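Understanding the architecture of this molecule
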Amino acid sequence: MACNVPRQVGATYKGLWTKVRKNAEAHKAGYTKKRYKGLDEAPKYVSPTLTYNYKYDYSFKEQQHVSVLTLEGRVIVPYTGYDQHVALIQHSATIGAARLWYDKSKKQFYLLVALEVEEADPTPDTHKQVVGVDVGIRYLAVTSTTKGENTFHSGKSIVPKANHYARLRKRLQQKGTRSATRRLVVISGRERRLKADANHVVSKQIVEQHSHALIGLENLTDIRERTKRKRGKKVSRKQRKANAVHSKWAFAQLHGMLAYKALLHGSMAIKVDAHYSSLACPMCGHTCDANRPKKVLLFVCQNCHYTLHADLVGARNITMRTLLVRQDWARTGVLSERPDVSCDEAKAERLRRYSELRWSTDTSLAL
């Protein structure tokens with residue numbers, strides 16, 4: 001336990017220093033004038049947490065009991081959990097480190113255990129179906145298969161609630177009174193839990209509908225730096241609000257849930273290039289900003305006049321790019337799970353290949 005404390009503190013400061021560097025880069029580029037103040041005072045943990053090492057600090061016993069090390073010695077207590085997860089702990093999964101977390105609102109302790117599920121070496125033959133997933137705000141996820149099947153997962157009932165909690169938290173923080181602070185404690189975590197629940201539901205529906213499939217996800221690493229977003233004093237209030245909404249939604253969390261749930265259902269998620277996925281026409285390959293007039297949900301190709309829902313266009317482009325990755329995998333025997341976005345020459349070659357792709361409901365997985 002004493003060895004894990006400096007590790008946890010070191011990881012916390014490492015994350016804070018990363019934010020300091022990001023803030024310095026944004027300040028140098030003129031994106032912001034604010035200075036990150038996270039290191040002005042010592043960090044405070046919202047809830048007491050402690051990291052445990054398996055078979056050293058904690059271990060599982062028979063009849064669904066767990067032995068946990070405390071300052072007063074070993075304590076053996078019963079535990080409950082999701083039936084599928086409990087079965088993995090007791091039978092097939094490789095158990096790793098765990099974190100003891102205390103929920104103040106429910107006054108309960110949770111042991112968050114890391115599990116590693118072993119999977120047979122995947123091959124192109126075991127993942128014959130290809131699915132593309134486009135994430136967004138109006139629609140949390142839009143999926144498309146090579147056969148033209150698609151699903152829309154709307155965020156109409158979730159996003160307004162999350163925005164309400166964000167506005168309420170901002171007003172209470174600006175007020176700063178003791179009653180406002182008490183109210184902040186009551187509503188703490190509601191926005192985060194609401195988004196996490198929505199991502200869990202959407203990811204579960206996708207992986208259950210597409211089992212034993214190769215699921216393509218957009219590579220959104222550094223997407224804010226790679227996209228041209230309006231900043232500065234001349235930006236309208238509406239644009240500032242849109243930037244804030246897109247920055248706060250947990251797209252990475254949804255991708256992470258899709259990745260681990262896909263493995264549990266015999267599927268596999270990979271990252272594909274997201275450049276111009278919503279601006280490129282899937283029928284003729286023409287790419288320009290005018291294909292998305294006023295950035296609305298209507299896609300109109302300026303070359304062939306092909307018209308479709310913009311998010312579905314993005315999902316179909318991701319599907320074709322995932323199919324291309326699968327064909328390269330079948331031909332070379334090597335699966336490239338993440339594109340190299342740092343090399344300009346590699347990016348140009350990928351975009352050239354993508355411009356040659358054409359959408360068809362008769363798309364075959366054969367080479």
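In what follows, the structure referred to is the one given above.
Residues numbered from 1 in each chain as written. Predicted model: local features only at pLDDT ≥ 70, side-chain atom pairs only at ≥ 80, totals over all residues. Heavy atoms only, no water.

1. Considerations on the sheet that holds strand β11 (residues 268–272)
- Strands sit in the order β9-β8-β7-β10-β11 across an open sheet of five strands; the sheet is mixed. The sheet is open, and its two borders are formed by β9 (150–154) and β11, each paired with just one other strand. Each adjacent strand pair in this sheet contributes to an overall mean axis angle of 20°, direction not counted.
- Of the strand pairs in this sheet, strand β7 (residues 129–135) and strand β8 (residues 139–145) are connected by five bridges, and their pairing is antiparallel. Bridge pairing links Val-133 to Thr-143 in β8.
- Against the sheet, helix α9 (residues 310–332) touches β7, β8, β9, β10 (213–218) and β11, its axis set at about 140° to β7. (Pairing = 2+ DSSP bridges. Helix = DSSP H or I, 4+ residues; strand = E, 2+ residues; numbered from the N terminus. Axes fitted to C-alpha atoms, helices over the stretch in contact; angles between N-to-C directions. Contact = heavy atoms within 4.5 Å.)

2. Topic: the state of the cysteines
- What the rule picks out here adds up to zero disulfides.
- Free of any disulfide, Cys-281 has its nearest cysteine sulfur in Cys-304, 3.6 Å distant.
- Exposure remark for Cys-281: the relative accessible area of 2% places this residue in the buried category.
- The exposure class of Cys-304 is partly exposed, given its relative accessible area of 34%. (Disulfide = S-S within 2.5 Å. Buried < 20%, exposed > 50% of the residue type's maximum accessible area, 1.4 Å probe, protein only.)

3. Let's talk about the packing of aromatic side chains
- As enumerated under the stated definition, the model contains eight aromatic pairs in all.
- Seen in terms of ring centroids, Tyr-54 and Tyr-58 are 5.4 Å apart; in terms of plane orientation they differ by 55°. Their pairing is tilted.
- Of the residues examined, Tyr-54 reaches a relative accessible area of 25% and is grouped as partly exposed.
- The class for Tyr-58 is buried, based on a relative accessible area of 0%.
- Between Tyr-54 and Phe-60 the ring centres are 6.4 Å apart and the planes differ by 45°, which places this aromatic pair in the tilted class.
- Through a chain of ring-to-ring contacts, three or more aromatic side chains come together here, namely Tyr-52, Tyr-54, Tyr-58, Phe-60 and Tyr-79. (Phe/Tyr/Trp six-rings, centres within 6.5 Å; stacked < 30°, edge-to-face > 60°.)

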